[in-house]
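In case you want the letters, here they are:
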Amino acid sequence: MTLWIVLAGGYCVILNITVIGVALPDIAADLGTSGTVDVDWVATAFLVGVVFALPATGWLADRFGRRATYMACVVVFGVGAALCMVAPSMLLLVGGRCVQGAGAGALLPVGMTLVLEAFPPDKRGTAMGIWGIGISGAPAAGPAVGGWLVTAFDWRSIFVVFTGLAVVAFLLALLLPVSGYRRHRRFDALGWCLASAVTVLSVITIRQAPDLGGTSVALWAAVVAVAGCCVWLVVRSLKVDDPIIEFRMFQNRTFDLTLVVTVFINVAQYARLNFLALELQTVRGFDAQHAGLLLAPSAIGVAVTGPLGGWLTDRVGPRTPVVGGLVAVVGSMWMLAHLDAGTSSPVIAVIVVLQGCGIGLANMPVNVASMNSLPQRYVAQGSAMSNLTGQFAAAAGVAVFGAVLVAQVGSVTGEGVPAHVAQHAFNNLFLMAFWMAAAGLVAAVFLPGARRSAAIRRARADDAAADSAVTG
């Protein structure tokens, strides 16, 4: 029951990230821009909200319990969707997206923690594989859902749907168990402020860097501020008793490696999720529904390989499924980087299915390896950090790719630009994503195999037994 309820909430959040991509041209036409706030901020702002909220997730889940925190996150997410639904300007729409992201930021890691605690270590791979059908499949379904809503109604209908789904998710969450690991500890307010400042300011700086220019005083002041806050956060966290982020987690080599792989997977994945639909509309003149339907088959690949990846993780460790999945992602990204006017729609559909298969195979094994590598007392914080890393990578990647497009064609939508010029710009973008996926493939080779995974699971089982004995 826990698995399916959390899957419903997580599906809504992840779907929300990519459903908006096909709606950006319509939003820009309706609301225009507000000063320096371009339409790509509608996508970036959600991820900014996510990375703002994520550092506090571990404390919230330990202090107030998994279910209470999960339900509060659903409420914030729904309020943000309602604000977006009625937003009269681009600036207010971006603000509503930030609120949505703040709710989603904590919802995902808390949901993952609920699932992980509901299953023993040797069953987590299978459980997370099932969960991954929704979590990895939602991004693939996003463009199709968004395209249909925008074409049949308008872009605001997207947020009408998400407001309703938030209500349903809240009612379902009432059935979640109240039990779970609890720990009353002081809230590290300064640490949370520093962590949020580092992540949010980093994303904004990356996005605005091309506009500011390499010699800009404001740019370098922001870089120095990010570096200073980061050093302050780490040094302070190692000295206080209950830091918002327990940096001692990073003494675990397997955990560190999973974060590295997560970064590369997310940057590559969100390049396709946020920009391929735009390419199809800009270069080929597809409407939102056509573009979304062409990208939808990737969900099939995710649905097929997601459970397989979890099953393999339980039996041979995460290395084999992650490496196999990333080989498919690297190959598909290379193909996306070499599209031209003669590439047919069926070929593009095959490419996105291949990438869906790769993402489905690789995503959940990395998450399982990450959480299994940590003792119980670090699971909530580790889940938050894993999600923070992935979402920050996605936000930074979307910001970089958006800036690259703006620098080459003048705007994210490429309005008024010749098709061959826009095609070249999108090819350059996906070539960058190809190299990121390739770096992730190299890192994945060093993930645990069957023998080391078995040893890790035994260690986690011993930790659980020890905690149970102390509690008893």
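A. Summary view of the overall build of the protein. A tally of regular secondary structure across the protein gives 18 helices and zero strands. When each of the 472 residues of the protein is scored for burial, the buried share is 59%. A separation threshold of at least 6 residues defines the contact pool for the protein, and within that pool the share at least 24 residues apart is 85%. For the protein, the exposed area adds up to about 17,200 Å²; of that, 70% sits on carbon and sulfur atoms.

B. Representation of the packing of helix H11 (residues 253-284) against helix H15 (residues 345-372) within the structure. Packing of H11 against H15 brings their axes to within 10 Å, and their N-to-C directions diverge by 155°. One way to sum up the angle between H11 and H15 is to call them roughly antiparallel. The handedness of the crossing between H11 and H15 comes out as left-handed. Contacts from Thr254, Phe255, Thr258, Val261, Thr262, Ile265, Ala268, Gln269, Arg272, Leu276, Leu280 and Arg284 in H11 reach Ile348, Val352, Gln355, Ile359, Ala362, Asn363, Val366, Ala369, Ser370 and Met371 in H15. In terms of residue class, the contact of H11 with H15 is made up of 13 nonpolar, seven polar and two charged.

C. Structural view of helix H14 (residues 319-336). In a regular helix each residue adds 1.5 Å, so 18 residues correspond to 26 Å; H14 covers 26 Å between its end C-alpha atoms and thus fits that length. In this fold, the buried residues of H14 make contact with H11, helix H13 (298-316), H15 and helix H17 (419-444).

D. Layout of the layout of surface pockets. The space that makes up the second largest pocket amounts to roughly 340 Å³. Along the walls of the second largest pocket sit 15 residues, with Thr199, Met385, Leu388, Thr389 and Phe392 positioned nearest its centre. Taken together, the elements giving at least two residues each to the lining of the second largest pocket come down to helix H9 (189-212), helix H10 (217-237), H11 and helix H16 (379-409). Here the lining of the second largest pocket takes four residues from H16, the largest share from any one element. Looking at the lining of the second largest pocket, its residues break down into 13 nonpolar, two polar and no charged.

E. Region of the structure containing the side chain of Arg236. Within the secondary structure, Arg236 is located in helix H10. By relative accessible area, which is 18% here, Arg236 ends up buried. For Arg236, the contacting residues outside a window of four places in its chain are Asp188, Leu190 and Gly191.

F. How the structure looks around a nonpolar patch on the surface. Together, Met1, Val168, Leu172 and Leu175 line one region of the surface with nonpolar side chains, adding up to about 370 Å² of accessible area. Note on placement: Val168 falls in helix H8 (residues 156-173). For Val168, a relative accessible area of 44% corresponds to the partly exposed category.

G. A look at the environment of Phe52. Of note, Phe52 is situated in helix H3 (residues 41-53). Phe52 sits in the partly exposed class, given a relative accessible area of 37%. Separated by 336 residues in the primary sequence, Phe52 and Leu388 have C-alpha atoms spaced 9.0 Å apart. Not counting the four nearest positions on each side in its chain, Phe52 is found in contact with Trp192, Ser196 and Val200.

H. Summary view of helix H2 (residues 24-31). Of all the positions in H2, only Leu24, Ile27 and Leu31 are classed as buried. For H2, the angular spread of buried residues about the axis comes to 60°, placing them on one side.

I. View of the nonpolar core. Of all hydrophobic cores here, the largest spans 131 residues; its most connected members are Ile27, Tyr70, Leu93, Val261, Phe275 and Phe430. No other element matches H11, which puts 16 residues into this core. With residues near it in sequence (within four places) discarded, Leu93 still touches Ile27, Leu31, Val42, Cys84, Ala87, Trp155 and Phe159.

J. Quick peek at the side chain of Ser157. For Ser157, the location among the structural elements is in helix H8. On the accessibility criterion, Ser157 (12% relative accessible area) is buried. Here the side chain of Ser157 touches Asp154 through a polar contact of 2.5 Å, landing on its backbone oxygen.

K. Here's a closer look at the packing of aromatic side chains. This model, assessed by the stated rule, comprises six aromatic pairs. Between Phe77 and Phe162, the aromatic rings sit 6.2 Å apart at their centres with planes inclined by 90°, giving edge-to-face as the arrangement. One end of the pair, Phe77, is in helix H5 (residues 66-86); the other, Phe162, is in helix H8, with 85 residues separating them in the sequence. We note that Phe77, like Phe162, is buried. Through a chain of ring-to-ring contacts, the aromatic side chains of Trp334, Phe434 and Trp435 assemble into a single cluster.

About the cut-offs
Residues numbered from 1 in each chain as written. Predicted model: local features only at pLDDT ≥ 70, side-chain atom pairs only at ≥ 80, totals over all residues. Heavy atoms only, no water. Helix = DSSP H or I, 4+ residues; strand = E, 2+ residues; numbered from the N terminus. Buried < 20%, exposed > 50% of the residue type's maximum accessible area, 1.4 Å probe, protein only. Contact = heavy atoms within 4.5 Å. Areas by Shrake-Rupley, 256 points an atom, 1.4 Å probe, with all protein chains shown as cover. Axes fitted to C-alpha atoms, helices over the stretch in contact; angles between N-to-C directions. Parallel < 35°, antiparallel > 145°, perpendicular 65-115°, else oblique. Left-handed = near helix turned anticlockwise from the far one by under 90°. Nonpolar A, V, L, I, M, F, W, Y, C, P; charged D, E, K, R; others polar. Expected span 1.5 Å × (residues − 1). 1 Å grid on protein atoms, 1.4 Å probe; cavity = no way out; pocket = protein on both sides within 12 Å on 5 of 7 lines; lining within 4 Å. Points joined across faces, edges and corners; volume = space filled by probe spheres on them. Patch = residues over 30% accessible without salt bridge, like charges linked within 9 Å, V, L, I, M, F, W, Y side chains within 5 Å. Salt bridge = Lys/Arg side-chain N within 4 Å of Asp/Glu carboxyl O. Arc of directions from axis to C-beta. Core = buried A, V, L, I, M, F, W, Y, C linked by side-chain atoms within 4.5 Å. Polar contact = N/O pair within 3.5 Å; in protein donor to acceptor, adjacent residues only side chain to side chain. Phe/Tyr/Trp six-rings, centres within 6.5 Å; stacked < 30°, edge-to-face > 60°.

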